[in-house]
Amino acid sequence: MKNFVPYRGQFLEGGSILSNFDEYESLEILSLENEELIIAGFEMIEKLSFWNEIKKEYIAMNYFDILIGNQDRHPFNWMMLYYEDGKKKFSPIYDNGASLGFRFDDEKLKVYLSGETQLRKYIRQTKVKAGLFEKKKVKAQDLIKVMKNRYIQESDEIISKIDKFDFQKYENYINKNPYLSKNQKEWLKIIISQRREYVLEWYEGE
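Procedures and definitions
Chains are numbered independently. Their residues run from 1 in the order of the written sequence. Only residues with pLDDT of at least 70 get local features here, since the model is predicted, and only at 80 or more are side-chain atom pairs given and counted; chain-wide, interface and lining totals rely on the full set of residues. With hydrogens and water excluded, all non-hydrogen atoms of the structure serve as input to the side-chain values. Pairing of aromatic rings covers Phe, Tyr and Trp, the last through its six-membered ring, and needs centres within 6.5 Å; plane angles under 30 degrees mean stacked, over 60 mean edge-to-face, and all others mean tilted. Going along the chain from the N terminus, every DSSP run of H or I of four or more residues is numbered as a helix, and every run of E of two or more is numbered as a strand. Relative accessibility under 20% of the residue-type maximum defines a buried residue, over 50% an exposed one, and the middle range a partly exposed one, all with a 1.4 Å probe and only protein chains included. Geometrically, a lysine NZ or arginine CZ counts as sitting over a ring once it is within 6 Å of the ring centre and also within 35 degrees of the ring normal. Note on pairing: DSSP must find at least two bridges between two strands before they are called paired. A cavity, in this analysis, means grid points on a 1 Å lattice covering only the protein atoms where a 1.4 Å probe fits yet has no way out; a pocket is instead an open set bounded by protein on both sides within 12 Å along at least five of seven lines, and a residue lines either one if it has an atom within 4 Å of a point. Grid points are joined across faces, edges and corners, and a volume is the space filled by probe spheres set on the points. Amino acids are sorted into nonpolar (Ala, Val, Leu, Ile, Met, Phe, Trp, Tyr, Cys and Pro), charged (Asp, Glu, Lys and Arg) and polar (every other residue, Gly among them). By definition here, a salt bridge exists when the distance from a side-chain nitrogen of Lys or Arg to a carboxyl oxygen of Asp or Glu is within 4 Å. Axes, fitted as lines to C-alpha atoms, cover a helix only where it is in contact. Angles between the N-to-C directions of the axes lie from 0 to 180 degrees. Residues are treated as being in contact if the distance between any of their heavy atoms lies within 4.5 Å.

Participant: Give me the lowdown on the packing of aromatic side chains, citing residues and values where you can.
Facilitator: What the rule picks out here adds up to 18 aromatic pairs. Ring centres of Trp 51 and Tyr 151 lie 5.9 Å apart, and the angle between their planes is 55°; on these two criteria the pair is classed as tilted. Pair noted here: Trp 51 is in helix 4 (residues 51-68) and Tyr 151 is in the loop between helix 7 (140-150) and helix 8 (152-163), with a separation of 100 residues, a long-range link. Per residue, the accessibility class of Trp 51 equals that of Tyr 151, and both read buried. Among the aromatic residues, those joined into a ring-pair cluster are Phe 42, Trp 51, Tyr 58, Trp 78, Phe 90 and Tyr 151. Positioned above the aromatic ring of Tyr 203 is the side chain of Lys 148, whose terminal nitrogen or guanidinium carbon lies 4.8 Å from the ring centre.

Structural data, given as structure tokens:
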């Protein structure tokens with residue numbers, strides 16, 4: 001992070017911040033699931049004194065993670081920057097490696113590319129950690145529902161950007177990348193297109 005953010009201050013990971021709440025450990029062991037677990041997680045993070053300052057970026061991070069299928073946004077994969085002058089800022093998002101079918105080799109990608117049913121099933125089963133949980137995952141569709149109900153203004157703004165995503169620019173970038181195989185290029189183009197469709201459908205309650 002120090003290589004990308006020129007500033008003087010302190011870094012503090014989300015997990016270190018949230019662990020100050022009694023609920024943090026209990027959320028990991030209680031029998032809560034799905035929407036109930038997500039709501040409990042947001043009720044916890046909303047107790048942060050600076051929540052309103054980071055809310056928009058935090059919610060945007062979660063929509064982005066669903067779009068790229070990030071499976072590993074646990075609380076230690078986001079960070080707060082504390083400046084010497086007392087200001088606080090949500091860090092640029094980082095460690096997005098567990099995304100976009102990162103474990104799939106060319107043969108596996110070929111299977112998904114040749115079968116729309118299997119591809120859609122893979123997307124529908126997307127689970128995320130929402131920046132709140134270390135040991136549990138929740139359905140992406142449930143997370144979108146809770147965020148829409150809880151943070152409608154922020155969600156509407158982010159969904160509008162996803163809806164207007166410039167696919168032509170994105171595809172041109174992928175096509176010019178010399179390090180990707182043919183299957184990888186096709187996969188990266190179709191997976192974002194399909195995930196975007198699902199994000200928009202889930203947001204509309206479909």
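From this point, the discussion proceeds with the structure in view.
Participant: Talk me through the pairing of strand 2 (residues 79-83); I want residue IDs and the actual numbers.
Facilitator: Relative to strand 2, strand 1 (residues 9-13) is paired through five bridges, and the arrangement is antiparallel. Residue pairing for strand 2: Leu 12 is matched across the bridge by Met 80. Bridge count between strand 2 and strand 3 (residues 88-90): three bridges; the pairing is antiparallel. Following the sheet pairing, Tyr 82 is matched in strand 3 by Lys 88. The turn linking strand 2 back onto strand 3 is made up of four residues, and Gly 86 within it adopts a positive phi angle of 95°.

Participant: Tell me about the layout of surface pockets, and please be specific about residues and values.
Facilitator: Each pocket or cavity is described by its volume, and for the largest pocket that value is around 320 Å³. Along the wall of the largest pocket there are 17 residues; nearest its centre are Ala 60, Met 61, Phe 64, Ile 93 and Ile 158. Of all the elements in the fold, those that place two or more residues in the lining of the largest pocket are helix 4 and helix 8. In terms of residue count, helix 4 provides more of the lining of the largest pocket than any other element does, seven residues in total. The residue inventory of the lining of the largest pocket, partitioned by class, reads 14 nonpolar, one polar and two charged.

Participant: How would you sum up the pattern of salt bridges? Please name residues and give values.
Facilitator: The full count for this structure, using the stated rule, is eleven salt bridges. Across the pair Arg 120 and Glu 197 runs a salt bridge, and its minimum N-O distance is 3.6 Å. Of the two residues, Arg 120 is situated in helix 6 (residues 116-124) and Glu 197 in helix 10 (residues 182-203); the sequence distance between them amounts to 77 residues. For Glu 197, a relative accessible area of 31% gives the class partly exposed. A network of salt bridges, in which partner residues are shared, links Glu 116, Arg 120 and Glu 197.

Participant: Quick rundown of the sheet that holds strand 2? Include the residues and the values.
Facilitator: In a beta sheet, neighbouring strands are held together by backbone hydrogen bonds and run either parallel or antiparallel to one another. Strand order in the open sheet made by the three strands is 1-2-3, with antiparallel pairing throughout. Unpaired on one side and paired on the other, strand 1 and strand 3 mark the two borders of the sheet. Sheet twist, expressed as the mean angle between neighbouring strand axes with direction ignored, is 25°. The strands that helix 4 touches are strand 2 and strand 3; relative to strand 3, the one it contacts most, it runs at about 15°.

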